[in-house]
Amino acid sequence: MIRVLIVDDEALVRSGLRLILEAAGDIVVVGEAKDGAEAISAVARLRPEVVLMDVRMPGTDGLSAAARVLGAPDPPRLIMLTTFDLDEYVHEALRLGAVGFLLKDTPPRELAAAVRTVAGGQAMLSPSVTKRLISAFVDRAPSRAETARRRLASLTGREEDVIRALARGLSNAEVGRELHLTEATVKAHVSRVLAKLGLANRVQAAILVHDADLGL
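All of the points below concern the structure found in this document.

Cut-offs and rules
Residues numbered from 1 in each chain as written. Predicted model: local features only at pLDDT ≥ 70, side-chain atom pairs only at ≥ 80, totals over all residues. Heavy atoms only, no water. Helix = DSSP H or I, 4+ residues; strand = E, 2+ residues; numbered from the N terminus. Buried < 20%, exposed > 50% of the residue type's maximum accessible area, 1.4 Å probe, protein only. Contact = heavy atoms within 4.5 Å. Areas by Shrake-Rupley, 256 points an atom, 1.4 Å probe, with all protein chains shown as cover. Pairing = 2+ DSSP bridges. Right-handed = clockwise from strand over helix to strand, strands pointing away. Salt bridge = Lys/Arg side-chain N within 4 Å of Asp/Glu carboxyl O. Axes fitted to C-alpha atoms, helices over the stretch in contact; angles between N-to-C directions.

So, on to the overall build of the protein chain. When you go through the protein chain residue by residue, the secondary structure sums to 11 helices and 5 strands. The burial tally for the protein chain puts 47% of its 216 residues in the buried class. Partitioning the intrachain contacts of the protein chain with sequence separation of at least 6 by distance along the chain shows that 70% fall at a separation of at least 24. When the accessible surface of the protein chain is split by element, carbon and sulfur atoms take 53% of a total near 10000 Å².

Once that is clear, we can look at the pairing of strand β2 (residues 27-33). In this structure, strand β1 (residues 2-7) lies alongside β2, joined through 6 bridges in parallel fashion. Within β2, the position partnered with R3 by the bridge is V28. After leaving β1, the chain enters helix α1 (residues 11-22) and then returns to the sheet as β2, a path that is right-handed.

This paragraph deals with the pattern of salt bridges. If the charged atoms of two oppositely charged side chains come close together, the side chains can form a pair. Counted according to the given criterion, the structure contains 14 salt bridges. Between R168 and E178 there is a salt bridge whose closest N-O contact spans 2.8 Å. Of this pair, R168 sits in the loop between α8 (157-167) and α9 (172-179) while E178 is found in helix α9, placing the two residues 10 residues apart along the sequence. Given the relative accessible area of 38%, E178 is considered partly exposed. Shared partners join several salt bridges into a network, and the residues in it are R14, R18, E22 and E32.

On to the sheet that holds strand β3 (residues 50-54), then. With parallel pairing, 5 strands are arranged side by side in an open sheet as β2-β1-β3-β4-β5. Of all strands in the sheet, those with a lone pairing partner are β2 and β5 (100-103), marking the two edges. Looking at each pair of strands side by side, their axes are set apart by 25° on average, direction ignored. The sheet strands contacting helix α2 (residues 36-46) are β1, β2 and β3, and the helix crosses β1 at an angle near 165°. Running at roughly 125° to β3, helix α5 (residues 108-119) makes contact with β1, β2, β3, β4 (77-82) and β5 of the sheet.

The following block contains the structure:
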C-alpha cells in the first residue's frame, strides 16, 4: 500500500481526495493536515511515501512547508496541488524538489495514477502543463542562463540529447523511441545525468535546460 498524506486547508477538498485515493485499492491515506505547520509535523510522525500539498494555505503556506519537508533526511515524494492562477508558486516548489503537481480538478483515475507514478520513483512532467509552467516562470537572466549552460557543458552529446528530451516532457519510453535507444538505456542515461549535474529528479533537470534557454 502506498502511504499518502493530504495537506489542504479546505476540509471538503481533503475528504474528496481521501475518497478518491482510497477507492484505488493500493493507496492508503495515513493522515490529513490543514496547513503547512501541521504538514511538517505529520510527515515526521507518519512517514508517508507521498504528500499531496496545497500551495496556498493560511499560516505556514505550501512553499514554506515544502522547503522544510524536502530539506529533512529521507523526505517523501511531494506533489503540489494548485490552480492555474498559482502557477508561479508551483514553479518555485519544483525548484525546491517537488516531483510534480496536480490541478485540483484532476480526474480520479489520473490522481491515483499520479500517486503511483511518484511513489514508484518517477517525477511528473506533463508535456502539456508542466512544460508550460517551466517555460513561463523560469528566470532567464543572462547570469542564470550562462551558469546553466556551463553545467550542461559537462554532458556528453548523447546525455544532452536525453536531457533535452526530458525538458520537452517525454517519458523514458518516448525518449527511447525518439533516440533509438532501449528504455533501460534511457533510464541509465537519466540516472547518470542527474548524478553528474547534482539534481534530485527529472523535473529539476528540465528546469535547468530551460534556464539555459537553448531554444527547445
